[in-house]
Amino acid sequence: MLDAVVIGAGPNGLTAAVELARRGMSVEVFEAHGTIGGGARTEELTLPGFRHDPCSAVHPLAVGSPAFSTMPLERYGLKWLHPDIPMAHPFPDGTAGVLARSVGQTAMSFGPRDAGTYRRLVAPFTGKWDTLAHDFLRTQWLGLPKDPVTYARFGLAAAQPISLFNRRFQDEKARALMAGLAAHAIAPLGSFGTTGIAVMFALAAHAVGWPVPRGGSQAIADALAGLLRAHGGAVHTDFEVKRLDDLPPARAYIFDTSPTALARIARLGNAYRDVKYGPSCFKIDYAMAEPVPWTAEEARRAGTVHVGPTSGEIGAALDAAATGQDPSVPFLITAQPSLIDTTRAPEGKHTFWAYGHVPNGWEGDATEVIERQIERFAPGFRDLVLARAVAGPPQIAARNANYVGGDVACGSAAGLRLLIRPKLARVPYETAHPAVFLCSQSTPPGPGVHGMSGHYAAKAAWRRLTAGRR
Ligand SMILES: Cc1cc2nc3c(=O)[nH]c(=O)nc-3n(C[C@H](O)[C@H](O)[C@H](O)COP(=O)(O)OP(=O)(O)OC[C@H]3O[C@@H](n4cnc5c(N)ncnc54)[C@H](O)[C@@H]3O)c2cc1C
């Protein structure tokens, strides 16, 4: 009898497996896909030699993760590469707002009327990334904050919708940049907690950067799996779990799946019937003859480029995705890892990644509206495209069963669903079945490659397993 079986080899499943194996437990992981990693994978999606990240590409939450920081992942091949500028947000006049490593450079890019406001916003949190990450990348009601004063101060700002918080800025550069950061929650800008998302991403840029892993996101999953094997764990691929009986007997089953799949596989009935899946993405991976010819010089040096341009347009794009409308002027999150990682493409060539938001289950083709939007800020872009791999909600859902209807957050993060995931429970990692746990991003702290859901699910399982032994 194994101590634990983990279903799904995404970053959370692998983290849960590593944490239990490091405590001496026998652990095996079963993954449906032919390769491990879930949302942290790398593949030749377009042409030979072009290595694309189909999902996550840029990793402020991984490099700043309290769970990963305790693991010697660099020994298993993980190497972080930092771009010159973490993120640029270009405007039609050829200028750009910039999220730089330095607070000063960031503030300066907003212009004189908002520079001081930005400095005052981040000053109380500067140098406190470790406690903020510990206190906010978790279930808010489980345990006391490490730094209650900073927690309260951050929480008061974080709870606000970014549409309200942004009123303190006078010019569009700061407002648009903050709105673009908040949009990573894939929720309307009027939603509870969107300021928290924006400020956390900004603080991460100043504290730990927005790096990419050398070789692609697969390197994160491979390093976790390497560490797991070093502690005696095993990973099985091409094994889609359909029933608990498919698995070897174990004292705990930890699901890195959607709550819907968990309920079906572990026969939990209607336990998660109220889970709401959110909007999806339309993602394009490009093989490029040259780097993207952004007009704004800062965008040519940034690992990530947000294409809004204004907070109004970003808000409209998110509202459209949330209310089932076709995208017309999408807000784009784009990444250009090959600028700093030569392993991603043949010499002199590049990979580029872009997505906009679309409704859950949307079956249209957003290629034209996405490329029209890129061309506004990088004229001549299309002429440099060698090949493209296009994925709308059906393809995204087919790549990974956790993306229900193409919802890449595995459960809406709008409003209180950012905190209460997948449903109201004291310990959301526990289920009605005493041996079954949930560790995917459908639990707090939610989306992103940080392993924190896996970390807390492993803790819950460990408590149960050791209580049994006692
Ligand atoms: C287009 C896109 C861009 C993104 N960009 C970023 C980014 O830049 N930075 C960032 O931090 N995050 C990003 N993310 C989010 C990030 O990828 C996810 O938040 C993260 O991967 C969630 O990890 P997880 O372990 O919860 O689940 P997943 O990574 O989804 O892994 C779940 C695994 O479980 C497997 N599985 C599911 N059901 C079964 C079953 N029945 N049997 C066996 N195996 C099963 C799946 O195949 C999958 O491998 C992005 C996501 C997408 C889709």
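Procedures and definitions
- Residues numbered from 1 in each chain as written.
- Predicted model: local features only at pLDDT ≥ 70, side-chain atom pairs only at ≥ 80, totals over all residues.
- Heavy atoms only, no water.
- Helix = DSSP H or I, 4+ residues; strand = E, 2+ residues; numbered from the N terminus.
- Rg over C-alpha atoms; globule rule 2.2 N^0.38 Å.
- Contact = heavy atoms within 4.5 Å.
- Areas by Shrake-Rupley, 256 points an atom, 1.4 Å probe, with all protein chains shown as cover.
- Lys, Arg positive; Asp, Glu negative; His and termini not counted.
- Charge placed at Lys NZ, Arg CZ, Asp CG, Glu CD.
- Domains from an automatic or database assignment.
- Buried area = accessible area lost by both parts, 1.4 Å probe.
- Core = buried A, V, L, I, M, F, W, Y, C linked by side-chain atoms within 4.5 Å.
- Buried < 20%, exposed > 50% of the residue type's maximum accessible area, 1.4 Å probe, protein only.
- Polar contact = N/O pair within 3.5 Å; in protein donor to acceptor, adjacent residues only side chain to side chain.
- Patch = residues over 30% accessible without salt bridge, like charges linked within 9 Å, V, L, I, M, F, W, Y side chains within 5 Å.
- Salt bridge = Lys/Arg side-chain N within 4 Å of Asp/Glu carboxyl O.
- Pairing = 2+ DSSP bridges.
- Axes fitted to C-alpha atoms, helices over the stretch in contact; angles between N-to-C directions.
- Near = heavy atom within 4 Å.

Taking an unreviewed UniProt entry as the reference, the chain is identified by name as Dehydrogenase belonging to Streptomyces natalensis ATCC 27448.

Asks: Please set out the overall build of the chain residue by residue, giving values where relevant.
Replies: Along the chain, the regular secondary structure elements total 15 helices and 14 strands. The C-alpha atoms of the chain give a radius of gyration of 21 Å, which matches the 23 Å a tight globule of 470 residues would have. Sequence separation of 24 or more characterises 75% of the internal contacts of the chain that already satisfy a separation of 6 or more. Split by element, the accessible area of the chain, about 17,500 Å² in all, is 53% carbon and sulfur. Averaged over its 46 positive side-chain charges, the chain has a centre that lies 8 Å from the centre of its 40 negative ones.

Asks: Summarise the domain arrangement of the chain; cite the residues concerned and give the values.
Replies: Looking at the chain, the domain boundaries give domain 1 (2-42 + 214-275 + 411-469) and domain 2 (115-204). Taken together, the contact between domain 1 and domain 2 spans 16 residues of the former and 14 residues of the latter. Carbon and sulfur atoms make up 73% of the surface buried where domain 1 meets domain 2, a total of about 1,200 Å² over both sides. Its largest share of buried area at the contact with domain 2, domain 1 owes to Leu418, Leu419 and Tyr456, together 33% of the area lost on that side.

Asks: How would you sum up the nonpolar core? Please name residues and give values.
Replies: Leu99, Tyr118, Phe154, Met178, Leu181 and Ile254 are the most contacted members of the largest nonpolar core, which totals 102 residues. No other element matches the 9 residues that helix H9 (residues 194-207) contributes to this core. When residues of this core are assigned to domains, at least three map to each of domain 1 (2-42 + 214-275 + 411-469) and domain 2 (115-204). In contact with Met178, not counting residues within four places along its chain, are Tyr118, Leu121, Ile162, Asn166, Phe169, Ala198 and Val199.

Asks: I'd like a rundown of the environment of Thr431, residues and numbers included.
Replies: Of note, Thr431 is situated in the loop between helix H14 (393-399) and strand S14 (436-438). A sequence separation of 168 residues divides Thr431 from Ala263, and the C-alpha atoms of the two residues are 9.4 Å apart. Reaching out from Thr431, the side chain makes a polar contact with the backbone oxygen of His433 at a distance of 3.1 Å. Within polar-contact distance, the side chain of Thr431 engages the backbone oxygen of Val436 at 2.8 Å.

Asks: Explain a positive patch on the surface to me, and be specific about the residues and the numbers.
Replies: On the surface, a cluster of positive charge is made up of Arg23, Arg426, Lys459 and Arg463. Along the chain, Lys459 falls in helix H15 (residues 452-469). Since its relative accessible area comes to 34%, Lys459 is described here as partly exposed.

Asks: Any chance you could break down the sheet that holds strand S11 (residues 332-335) for me, citing the residues and the numbers?
Replies: Reading across the sheet, the 7 strands line up as S5-S4-S10-S11-S12-S9-S13 and stay open at both edges, with mixed pairing between neighbours. The sheet is open, and its two edges are formed by strand S5 (96-99) and strand S13 (385-391), each paired on a single side. When strand polarity is set aside, the average angle formed by the axes of neighbouring strands in this sheet is 20°. Contacting strand S4 (85-90), S5 and strand S10 (302-307), helix H8 (residues 172-182) crosses the sheet at an angle of about 50° to S5.

Asks: Run through the site of the ligand, naming residues and quoting values.
Replies: Taken together, 37 residues lie around the ligand, and Glu31, Gly39, Asn400, Gln441 and Gly448 are the ones closest in. Between the ligand and the protein, one listed contact pairs a nitrogen atom with a backbone N or O atom of Val58 at 2.8 Å. Here a nitrogen atom of the ligand sits 2.9 Å away from a polar atom, N or O, in the main chain of Val241. When the free accessible area of the ligand is taken as 1,000 Å², the share hidden by the protein chains comes to 93%. For the shell around the ligand, the secondary structure elements donating two or more residues are helix H1 (11-22) and strand S12 (350-358). Counting residues per element, the shell around the ligand draws most heavily on H1, at 3 residues.

Asks: Could you give me a rundown of unusual backbone geometry, with the residues and numbers involved?
Replies: For the bond from Gly308 to Pro309, the omega torsion is -5°, close enough to zero to count as cis. In this model, Pro444 is joined to Pro445 through a cis peptide bond whose omega is 5°. Turning to its location among the elements, Pro445 is positioned in the loop between S14 and H15. One non-glycine residue, Asp238, lies in positive phi territory at about 55°. Structurally, Asp238 can be placed in the loop between strand S7 (234-236) and strand S8 (250-255). Located in the positive-phi region is Cys410, a residue other than glycine, with phi close to 55°. Tracing the sequence through the fold places Cys410 in the loop between H14 and S14. On the basis of relative accessibility, which here comes to 1%, the residue Cys410 falls in the buried class.

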